[in-house]
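# An overview of the molecular structure
One letter stands for each residue in the lines below.
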Amino acid sequence: MNGGDLIAAQLQREGVRAVFTLCGGHISPILVAAKRRGIRVLDVRDEASAVFAADAVARLTGTPGVAVVTAGPGAANSLTAVANARQAESPLVVIGGSPPTILRGRGALQDVDHQAMFAPHVKSATHVRRVRDLAPAVAAAFSVAPSGSPGPAFVECPVDLLYDQHLVREMYGVNGPPPESFSGRVQRWWLERHLRRLFADVAENGVEPRRVATPEPSPGELARAADLLLRAERPVMVLGSQAVMGNGRVEHLIRAIEQLGIPTYLSGMARGLLGPAHALSFRHRRGAALKEADAVLLCGAPLDFRLDYGRQIGRRTRIIAVNLNRRALTKNRRPTHGVVSQPGRFLIELAARLGGARSAHAAWLDTLRARERERDAEIEALAARPADGVNPIALCRAIDRALADDSIIVADGGDFVGTAAYTVRPRRPLSWLDPGPFGTLGAGGGFALGARVARPTAEVWILYGDGAAAFSIAEFDTFVRHGLPVIAVVGNDGAWTQIARGQIQMLGDDVGTTLRRTAYHRVAEGYGGVGLEISEPNHVDAVLAEAKRLAREGKPVLVNAIMGTTEFRSGSISL
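The notes below deal with the structure included here. (Residues numbered from 1 in each chain as written. Predicted model: local features only at pLDDT ≥ 70, side-chain atom pairs only at ≥ 80, totals over all residues. Heavy atoms only, no water.)

On to the sheet that holds strand E12 (residues 337-340), then. Reading across from one edge, E9-E8-E7-E10-E11-E12 is the order of the 6 strands in this open sheet, with parallel pairing throughout. Each edge of the open sheet carries a strand with a single partner, namely strand E9 (281-282) and E12. Bridge count between strand E7 (residues 235-239) and strand E8 (residues 264-266): 3 bridges; the pairing is parallel. Counterpart to Leu239 in the pairing with E8 is Leu266. Helix H13 (residues 343-354) rests against E7, strand E10 (295-299), strand E11 (318-323) and E12 of the sheet, and its axis sits at about 130 degrees to E10. (Pairing = 2+ DSSP bridges. Helix = DSSP H or I, 4+ residues; strand = E, 2+ residues; numbered from the N terminus. Contact = heavy atoms within 4.5 Å. Axes fitted to C-alpha atoms, helices over the stretch in contact; angles between N-to-C directions.)

To continue, consider the packing of aromatic side chains. Counted by the stated rule, this structure contains 4 aromatic pairs. An angle of 5 degrees between the planes, with centres 3.9 Å apart, marks the rings of Phe118 and Phe154 as stacked. Placement of Phe118 in helix H5 (residues 114-118) and of Phe154 in strand E6 (residues 152-158) is noted, with a sequence separation of 36 residues between them. Of the two residues, Phe118 and Phe154, neither departs from the other in class, the shared state being buried. An angle of 40 degrees between the planes, with centres 6.0 Å apart, marks the rings of Tyr265 and Phe282 as tilted. Taken together, the positions of Tyr265 in strand E8 and Phe282 in strand E9 put the pair 17 residues apart, joining distant regions of the chain. Taking the relative accessible area as the measure of exposure, Tyr265 reaches 2% and is therefore buried. Phe282 sits in the buried class, given a relative accessible area of 3%. If you follow Arg271 out to its NZ or CZ, it ends over the ring of Trp432, 5.0 Å from the centre. (Phe/Tyr/Trp six-rings, centres within 6.5 Å; stacked < 30°, edge-to-face > 60°. Buried < 20%, exposed > 50% of the residue type's maximum accessible area, 1.4 Å probe, protein only. Lys NZ or Arg CZ within 6 Å of the ring centre and 35° of its normal.)

What follows covers helix H22 (residues 540-552). Residues lying three or four places apart along an α-helix face the same way, a consequence of the helix completing one turn every 3.6 residues. The first and last C-alpha atoms of H22 sit 19 Å apart over 13 residues, in line with the 18 Å expected at 1.5 Å per residue. Burial in H22 covers these residues: Val540, Val543, Leu544, Ala547, Lys548, Leu550 and Ala551. Angular distribution of buried residues about the axis of H22 spans 165 degrees; they occupy a single face of the element. Along H22, exposed side chains directed more than 90 degrees from the buried face belong to Ala542 and Arg552. (Expected span 1.5 Å × (residues − 1). Arc of directions from axis to C-beta.)

Let's shift gears to the side chain of Ser78. By secondary structure assignment, the location of Ser78 is in helix H4 (residues 73-88). Classification of Ser78 by relative accessible area gives buried; the value is 0%. Reaching out from Ser78, the side chain makes a polar contact with the backbone oxygen of Ala75 at a distance of 2.6 Å. Setting aside residues no more than four positions away along its own chain, Ser78 makes contact with Glu47, Ala48, Val51, Val69 and Phe118. (Polar contact = N/O pair within 3.5 Å; in protein donor to acceptor, adjacent residues only side chain to side chain.)

The element helix H17 (residues 444-454) is extensively covered by neighbouring structure, given that 10 of its 11 residues are classed as buried. For H17, the complete set of buried residues consists of Gly444, Gly445, Gly446, Phe447, Ala448, Leu449, Gly450, Ala451, Arg452 and Val453.

For the rest of this paragraph, the subject is the environment of Arg452. Secondary-structure assignment places Arg452 in helix H17. Look at Arg452 and you get buried, because its relative accessible area is 13%. For the pair Arg452 and Leu484, spaced 32 residues apart in the sequence, the C-alpha separation amounts to 6.7 Å. Of note is the side chain of Arg452, whose polar atom sits 2.8 Å from the backbone oxygen of Pro456.

Shown next, in the form of structure tokens:
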């Protein structure tokens, strides 16, 4: 077996069904061996999309996704997506190629210090030096990625560890007759010794997958949290991605939330956990609720910019923070009670401990529901207002009506996606994919690819801002080649509107924020997909219905929606 075979065999042991890649000579043996073993190889048009796709698989399945990228520029192109996965706490294994061991640091093609490049953005970065260490290094990465606070692990595999030994010997030039000169014989001896070291003790030395232990809350930690909640009259719960990613007990989590009876705000991958219209799920006026609450339960939701660094929460409010990342517990504000645990499992055990006992806060729920109804009425009125094109709120409400029960929403954009976050309701748990706290644009194509692989029967929608669309619209070529139907909707307002709003207001200039009303549907057609356009408000429902029909027939579809602007998100810039 060559090194590529050893890696593919270990991926098979780990239960990997698909890898995402962009080809390169440094990694070819891995891809060929993976295909031979029945592992699906999905090649993309940009290495970042390969990592984003692996990220989506990890989020939707709870097991690490796998991206294989080539050396130098290939690895560098993937780095934004790797950094995004680290901040989103998504477990990935990124396998990268590199030049031959003997030429490292000597100016070989695509030679760069991959370890220095990746180390700040991954949980572990390993450079493999011998063929026999390839499978153990991959196994270790699969163990590290989901443990503790999840994230990516990087394994660097030099090209001379991956090919058949006789080909590597040819690459080194040692298969011919012995050199005649003394210096030539010394060089041959040195190369032969190096090769013996590379290929020593090679065998199918796979490693059995390791079960990752999750920190469990102690009885004392549960008791204190229960006491704080029972004394609360105005509790609020905020659930982040950690609560559902890798949980494996989503149905139990939903029951636990219902038993606790606490008004709940969902963010990140937790969106959709309670369905589109649950009595305990709230979307609007979160800041006001946090300011008035006397107890706040933060489950996998750190106090970063998304919660205004904790300033939204009253100074006397009791905070219970549950997070896998110990440092996140005290970020920007120290909680009353901090617990290192998987947040979803913590809630399940907390609900079981309370056994149905909970404080009465019907009046508090009535107050929050009245605010929900008031804000929903405002949004409905804004959706009815005419705009210089399709009203973006009305468009998002139409998308919401069109969603199938088994749908996944991929959010890739600024202003348009921000509008969708208030108006498009995910139908079920694990059905919303956004980049996370890094605020990355360009995840759309890769996320949709990973979503189609993880859940082949789901209806996958990409909600693109027109700025974000250009980053990954080339993946329509990937969707076509691999027979993966998705529905993309581009909210085309001819601007980087998320930035323009604040820039024009504060600085009085739109420089760098204007775009053309590009015919993105024609671009998708050029890649082999189907393009549709919406330019009239009364065409929205019919075009979306046509897009769904085409996707059911197996065709990737892009809907280019020529939008007007509204003041719905004025002043919404986050820093």
